[in-house]
Amino acid sequence: MTNTFEELKSYIEQQGRGYDLKMITEAYRVAEQAHGEQKRASGEPYIVHPLNVAQIVVSLGMDSESVEAALLHDVVEDTELSLEDIRRRFGRPVSVMVDGVTKLRKIPFSSREEQQAENVRKMLLAMAKDVRVIIIKLADRLHNLRTLDYKKEQSRRDKALETMEVYAPIANRLGITQIKEELEDLALKFLDPVGYAEIERMLDFNREAREAFLQKVVEKLQARLAAGHPHIQIYGRVKSLYGIYRKVYMQGRSFEEIYDIYAVRTVVDTVEECYNILGIIHDIFTPLPGRFKDYISTPKQNLYQSLHTTVIDKEGIPFEVQIRTWDMHYTAEYGIAAHWKYKEGIQGHDKLEERLSWIRQLLENQKDSEEAREIVSSIKTDLAPEEVFVFTPKGDVISLPSGSTVIDFAYAIHSAVGNRMTGAKVDGRIVSLDTPVQTGNIVEILTTNAPGHGPSRDWLSIVRTTQARNKIRQWFKKERKEENTAQGKAEIEKEFRRNYITLPEEQMQEFLAHIAQRQRCRSVEELYAAIGYGGISISRIMPRIKEEYNRTYRAGEEQRLEALMSLKPKKERKVTSGVIVEELDGCLVKYARCCNPLPGDEIIGFITRGYGVSIHKTDCVNVRNAMSDPNQAERWVKARWASVVKERFKTTIDIYADDRESLLADISIALANMHIQIHALNAKELKDHHTGIQITFETADLEQLNLVLSGLRQIAGVLSVQRAVQ
Ligand code: MN
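What you see is a predicted model, and the numbers here were worked out from it, not measured in a lab. (Residues numbered from 1 in each chain as written. Predicted model: local features only at pLDDT ≥ 70, side-chain atom pairs only at ≥ 80, totals over all residues. Heavy atoms only, no water.)

J.: Help me get a handle on the overall build of the protein, residues and values and all.
T.: What the protein contains, in helices and strands, is 31 helices and 20 strands. For the protein, with 726 residues in total, the buried portion stands at 49%. The long-range fraction of contacts in the protein, counting pairs at least 24 apart against all pairs at least 6 apart in sequence, stands at 67%. For the protein, the exposed surface amounts to about 35,900 Å²; the carbon and sulfur share of it is 48%. (Helix = DSSP H or I, 4+ residues; strand = E, 2+ residues; numbered from the N terminus. Buried < 20%, exposed > 50% of the residue type's maximum accessible area, 1.4 Å probe, protein only. Contact = heavy atoms within 4.5 Å. Areas by Shrake-Rupley, 256 points an atom, 1.4 Å probe, with all protein chains shown as cover.)

Written as structure tokens, this is what we have:
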């Protein structure tokens, strides 16, 4: 914080660069006089605001003219001084900058959104002439957000939202990471205070352990790398709060699944050293397959360059390593401002043309548009950090979220193209339909006019965009009514069986009709159809159906279930030699509780964050759901059982039987005869004199379990015996 000009002056002097202090002092005097007695919402003298904006501008390494403009940025809007006055005293560049950040006078008869859009357009136009305009505007917005507490609730939300939608994406596109991250974090705090606090809490939890871990890694790398790379700097960095928020709330990751919350950053002199060090790091730690990204050979759009890799240490904790040169580091931190700060001294600025062509592009695209407001929405989409731009064979650009496939591309052109799609060519080569598109690809969609042709249901798990998913669902909804109904009916029956939902036919119809109504379907048929085409997800509504069922038909059931759960002994976390995980030898392994795999089951590993590899059955429901998420694809690793497994495993089975006298006794005796030790047993009464029994016991492997299952099936009255699901 800078509250007086003296403080700003000494901050400028600390920079040790050739600032024109005479002109800067003059700008301060003019601004101070013009703002006079004006006060900010906090009660401070108004001049404190331009002083702080100027300080941020200096911290970004900007030149004297920018500092002058920063001090004067509010005088034309808020005081008697005119642009002409500024131009006469400080020259044209300064007045152009001040003009660029000055809002338009109120446009009559327009909405707040239109006002906002017109101002953004004006600013972009000024920015296309002189990019320093936006740097001053970003500094202005940053200081306003830092002091937003004093504003009224509505004004806070407006400012925070505009920051998130317009200014943070622009800062990102210009590569000014420091400003972008602070803007996002501050705006988030106002937009979702609860989510913000939640992430803060997660970060606090285990902070010391994580930091100690990171410190150990840094020291280990230092010891190994220092000799060969005398100027190397290695340090830990924490992902920005909003960056974590995006992954947790928008991409649905759990905190444990975010590998780069903590990362180790390595900065060296040359590009050769970067690749060299990458090799050494992959030698010390085990790299996770598919996580290496070379942004040195393919820089991001905002010219960000670095090597990223995720590795896993002996304890099974994955973490990200970023490797870059100093030059790349400055660009990563200061983006376009690095031109002033590190490259051309504080008085020069040119050669920015190519970096700023997107601004002209953005303005060009808007030229024919009636609605100024569109400029705001295209900033939101076009400048979103993870966007790819793909071309049609005719040269039209289609922008898609990164990770989108050729199917997303087809549906982005037109739903008719998607629905008639049979294949795709990327840069002239035929590719599979799940191929992700990259910026610069030319994509051609192959289509057919054959009657009855349409999308495949598998596409629903391949596509990335909601647009494509909705259009595919629409197609199934319209074209495949009967098939959907049958499919939905089968799905719901299966889920009911799995959850012990059994009712006499008449009551069942009543129950289903009730569910249908709840889901806003006009009939049970319609409910089936909706489940069939994917409009309603059965796994999503199942918990509520179960609850409803228990409440209506099974009062008192829950308490008993809870009692059963508390009987289940907790599994301990331990290193096991029973499983061999490909490529990650000797890492920490735990067995997933959702499917309790046994030796003999086909298994697969999932790399968790901080808890080693979790082993699931390949046919576990969670595996099937999670596998369809392309973001997690790289975290699945092949796993198999060791030839000798010494451990014993707890397993749970469900028995469905006629409710007869001494059934439980017969089952217990049968188990005792097979030398099976029971850990928990729970029986519940079901309708129609049936009973459901759940038993947990220890077993060596699948073979032994199967013997037990067939033994129990011999018992009179037992209708079915199977391994429990979840
Ligand atoms: Mn201002």
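J.: Residues and numbers for the nonpolar core, please.
T.: Within the largest apolar cluster, 103 residues are counted, with the highest numbers of intra-cluster contacts made by Val-67, Leu-71, Leu-72, Ile-134 and Ile-135. The dominant element in this core, judged by the number of residues it contributes, is helix α9 (residues 132-146), at 8 residues. Look past the residues within four positions of Leu-71 in its chain and what remains in contact with it is Leu-8, Ile-24, Ala-27, Tyr-28, Ala-31, Pro-50, Leu-51 and Ala-54. Judged by nonpolar contacts, the second largest core, of 46 residues, contains Tyr-411, Ala-424, Trp-475 and Ile-501. (Core = buried A, V, L, I, M, F, W, Y, C linked by side-chain atoms within 4.5 Å.)

J.: Describe the coordination of the manganese ion, and please don't skip the residues or the numbers.
T.: For the manganese ion, the full set of protein donor atoms is His-49 (NE2), His-73 (NE2), Asp-74 (OD) and Asp-140 (OD), and the range of their distances to it is 2.2 to 2.4 Å. Between consecutive donor residues of the manganese ion, the sequence gaps follow H-x23-H-D-x65-D. Here His-49, found in helix α3 (residues 48-59), pairs with Asp-140, found in helix α9; they are 91 residues apart in sequence, far enough to count as distant. By the burial criterion, His-49 is buried, and Asp-140 matches it. (Donors = N, O, S within 2.8 Å, 3.2 Å for Na, K, Ca; no water.)

J.: Account for the packing of aromatic side chains, naming residues and giving values.
T.: Taken as a whole and judged by the stated rule, the model has 12 aromatic pairs. With a centroid separation of 5.9 Å and 55 degrees between ring planes, the pair formed by Phe-511 and Tyr-549 is classed as tilted. A residue pair is termed long-range when its members are at least 10 positions apart, and Phe-511 in helix α25 (residues 505-518) and Tyr-549 in helix α27 (residues 538-553) qualify at 38 residues. For the pair Phe-511 and Tyr-549, one class covers both residues: buried. Linked through ring pairs, Phe-213, Phe-285 and Phe-319 together constitute an aromatic cluster. Lying over the aromatic face of Phe-476, Arg-457 brings its terminal NZ or CZ to 4.5 Å of the ring centre. (Phe/Tyr/Trp six-rings, centres within 6.5 Å; stacked < 30°, edge-to-face > 60°. Lys NZ or Arg CZ within 6 Å of the ring centre and 35° of its normal.)

J.: So what's going on with the side chain of Asn-484? Which residues, and what values?
T.: Summarising the element assignment, Asn-484 is placed in helix α24 (residues 481-498). Judged by its relative accessible area of 1%, Asn-484 falls in the buried class. What Asn-484 contacts, discounting residues up to four positions off in sequence, is Arg-457, Phe-476, Lys-477, Tyr-528, Ala-529, Gly-532 and Tyr-533.

J.: Tell me about the pairing of strand β19 (residues 690-699), and please be specific about residues and values.
T.: The element β19 is extensively covered by neighbouring structure, given that 9 of its 10 residues are classed as buried. Of the pairings in the sheet, the one linking strand β17 (residues 649-658) to β19 comprises 10 bridges and is antiparallel in character. When the bridges of β19 are listed, Ile-655 appears paired with Ile-693. The pairing of strand β18 (residues 678-686) with β19 spans 8 bridges and is antiparallel. Bridge pairing in β19 places Ala-683 opposite Ile-693. Taking the residues between adjacent antiparallel strands as the criterion, β18 and β19 are bridged by 3 residues, where Asp-688 takes a positive phi near 60 degrees. (Pairing = 2+ DSSP bridges.)

On their own, these measurements won't tell you what the molecule is for.
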